[in-house]
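# An overview of the molecular structure
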2 protein chains.
Amino acid sequence: MSDPSCKACSGTWPGSDHFIADLGLSMAYLHEDQYFPGWAVVVFKRHAIELFHLAPTERIQLMEEVSQFAKVLAETFDAKKMNYGLLGNQMPHIHWHLIPRLSNDPAPLQPVWRIPHDRVTLSADRIQATIARIKKRL
Amino acid sequence: MSDPSCKACSGTWPGSDHFIADLGLSMAYLHEDQYFPGWAVVVFKRHAIELFHLAPTERIQLMEEVSQFAKVLAETFDAKKMNYGLLGNQMPHIHWHLIPRLSNDPAPLQPVWRIPHDRVTLSADRIQATIARIKKRL
């Protein structure tokens, strides 16, 4: 099942140069903005909008993939805390934001969305180096 | 397992006047700030910090409770989209923010945390009326 008007279904977002790994029912990508190092996005493969629209078996497997990948990110980036968000306000296709919050976080008590900042876009080499660090723990 | 310094473990937060229901491994409360109507919080009963710290059986049950309660909120408030967030930056005890985004949302494309607003505190009567609306669908 896919929706041709959906950026995730059409493969427009996230960019394939940010692809980390196929987790099973979902795919993991590095987020384009690396102001928060290690911010990743786990995208469900088929088009679905709400957790409660999934079959229980799908939902369970998706959440196991999200949880395991969050652990990988926490270990890779030595996170003090992980943040998990399923919002979908701009693109309702189910995708999880997984955000390691590090010891040098600029505002550790705040949600990342409350912290004004310029987007940090890594070079292609640094994107690949970051992905390689994550993949070592997968 | 509990942590005496934790506001969730000690029962200081959320306030018992905002209690909606015991979901099994978690308890649901109305959020104190109702600027976004129906914003609720699902608090895991025992002290744990990350999804990946839970036993798989616990994690699966917790996420089923979160998903089912999100559906109840979506139906009660006729949400266009649900937002789900597990942050824990201020209080690391696992608690899920479940936020119905309605058709009259002031900034439907944005995370709620990016929308400056004055806190909306309901009267005790309106809190209980809102909780009663939600409980009808449980």
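For the structure itself, consult the block above.
## Focus: the overall build of chain A
Helix and strand counts for chain A come out as two helices and five strands. Secondary structure elements in chain A, listed N-terminal to C-terminal, are β-β-β-α-β-β-α. Relative to the 2.2 N^0.38 estimate, which gives 14 Å for 138 residues, the radius of gyration of chain A is 15 Å and therefore close to what a compact globule would have. Projected onto the principal axes, the alpha-carbon positions of chain A cover approximately 40 × 30 × 30 Å. Within chain A, the fraction of its 138 residues that count as buried is 56%. Within chain A, residue pairs in contact and separated by at least 24 positions form 56% of the contacts whose partners lie at least 6 positions apart. Of the roughly 6400 Å² that chain A leaves accessible, carbon and sulfur atoms contribute 52%. Across chain A, 15 positive and 14 negative side-chain charges occur, with their mean positions spaced 5 Å apart.

## Considering the interface of chain B and chain A
In this complex, chain B contributes 32 residues to the contact, which on the side of chain A involves 32 residues. Taking both sides of the interface into account, the surface hidden between chain B and chain A amounts to around 3100 Å²; carbon and sulfur atoms contribute 56%. Linking chain B to chain A there are four salt bridges. Here Lys81 of chain B makes a salt bridge to Glu50 of chain A, at a shortest N to O gap of 3.4 Å. Across the contact surface, chain B and chain A share 27 residue pairs in polar contact (both at pLDDT 80 or more). Elements that contribute at least two residues to the side of chain B that touches chain A include exactly helix 1 (56-77), strand 4 (81-86) and strand 5 (95-101) of chain B.

## Details of the sheet that holds strand 5 of chain B
Hydrogen bonds between backbone atoms are what pair the strands of a sheet, whose relative direction is either parallel or antiparallel. Spatial ordering of the open sheet is given by 1(A)-2(A)-3(A)-5(A)-4(A)-4(B)-5(B)-3(B)-2(B)-1(B), a layout of 10 strands whose pairing is antiparallel. For this open sheet the edge positions go to strand 1 (19-22) of chain A together with strand 1 (19-22) of chain B, each flanked by a neighbour on one side alone. In this sheet, adjacent strand axes meet at a mean angle of 20° when their direction is disregarded. One ladder, built from three bridges, connects strand 1 of chain B with strand 2 (residues 26-30) of chain B; its direction is antiparallel. Note on strand 2 of chain B: the bridge partner recorded for Ala21 of chain B is Ala28 of chain B.

## What about the environment of Ala129 of chain A?
Residues and elements named next belong to chain A. Structurally, Ala129 is set in helix 2 (residues 124-135). Of the residues examined, Ala129 reaches a relative accessible area of 42% and is grouped as partly exposed. Residues Ala129 and Lys7 lie 122 residues apart in sequence; the distance between their C-alpha atoms is 26 Å.

## Details of the packing of helix 1 (residues 56-77) of chain A against helix 1 of chain B
The contact between helix 1 of chain A and helix 1 of chain B brings their axes to 10 Å, and the two run at 120°. Between helix 1 of chain A and helix 1 of chain B, the angle is such that the two are oblique. In terms of crossing hand, the pair formed by helix 1 of chain A and helix 1 of chain B is right-handed. Contacts between helix 1 of chain A and helix 1 of chain B involve Pro56, Arg59, Ile60, Met63, Glu64 and Ser67 of chain A from the first element and Pro56, Arg59, Ile60, Met63, Glu64 and Ser67 of chain B from the second. Classifying every residue of the contact of helix 1 of chain A with helix 1 of chain B by side-chain character gives six nonpolar, two polar and four charged.

## Observations regarding the packing of aromatic side chains
On inspection of all chains with the given rule, the structure shows 10 aromatic pairs over all chains. Ring geometry for Trp96 of chain A against Trp96 of chain B: centres 5.7 Å apart, planes inclined by 75°, an arrangement best described as edge-to-face. Pair noted here: Trp96 of chain A is in strand 5 (residues 95-101) and Trp96 of chain B is in strand 5, and the two residues belong to different chains. Take Trp96 of chain A and Trp96 of chain B: they sit in the same class, and that class is buried.

Conventions used here
Residues numbered from 1 in each chain as written. Chains lettered and ligands numbered in written order. Predicted model: local features only at pLDDT ≥ 70, side-chain atom pairs only at ≥ 80, totals over all residues. Heavy atoms only, no water. Helix = DSSP H or I, 4+ residues; strand = E, 2+ residues; numbered from the N terminus. Rg over C-alpha atoms; globule rule 2.2 N^0.38 Å. Buried < 20%, exposed > 50% of the residue type's maximum accessible area, 1.4 Å probe, protein only. Contact = heavy atoms within 4.5 Å. Areas by Shrake-Rupley, 256 points an atom, 1.4 Å probe, with all protein chains shown as cover. Lys, Arg positive; Asp, Glu negative; His and termini not counted. Charge placed at Lys NZ, Arg CZ, Asp CG, Glu CD. Buried area = accessible area lost by both parts, 1.4 Å probe. Salt bridge = Lys/Arg side-chain N within 4 Å of Asp/Glu carboxyl O. Polar contact = N/O pair within 3.5 Å; in protein donor to acceptor, adjacent residues only side chain to side chain. Pairing = 2+ DSSP bridges. Axes fitted to C-alpha atoms, helices over the stretch in contact; angles between N-to-C directions. Parallel < 35°, antiparallel > 145°, perpendicular 65-115°, else oblique. Left-handed = near helix turned anticlockwise from the far one by under 90°. Nonpolar A, V, L, I, M, F, W, Y, C, P; charged D, E, K, R; others polar. Phe/Tyr/Trp six-rings, centres within 6.5 Å; stacked < 30°, edge-to-face > 60°.

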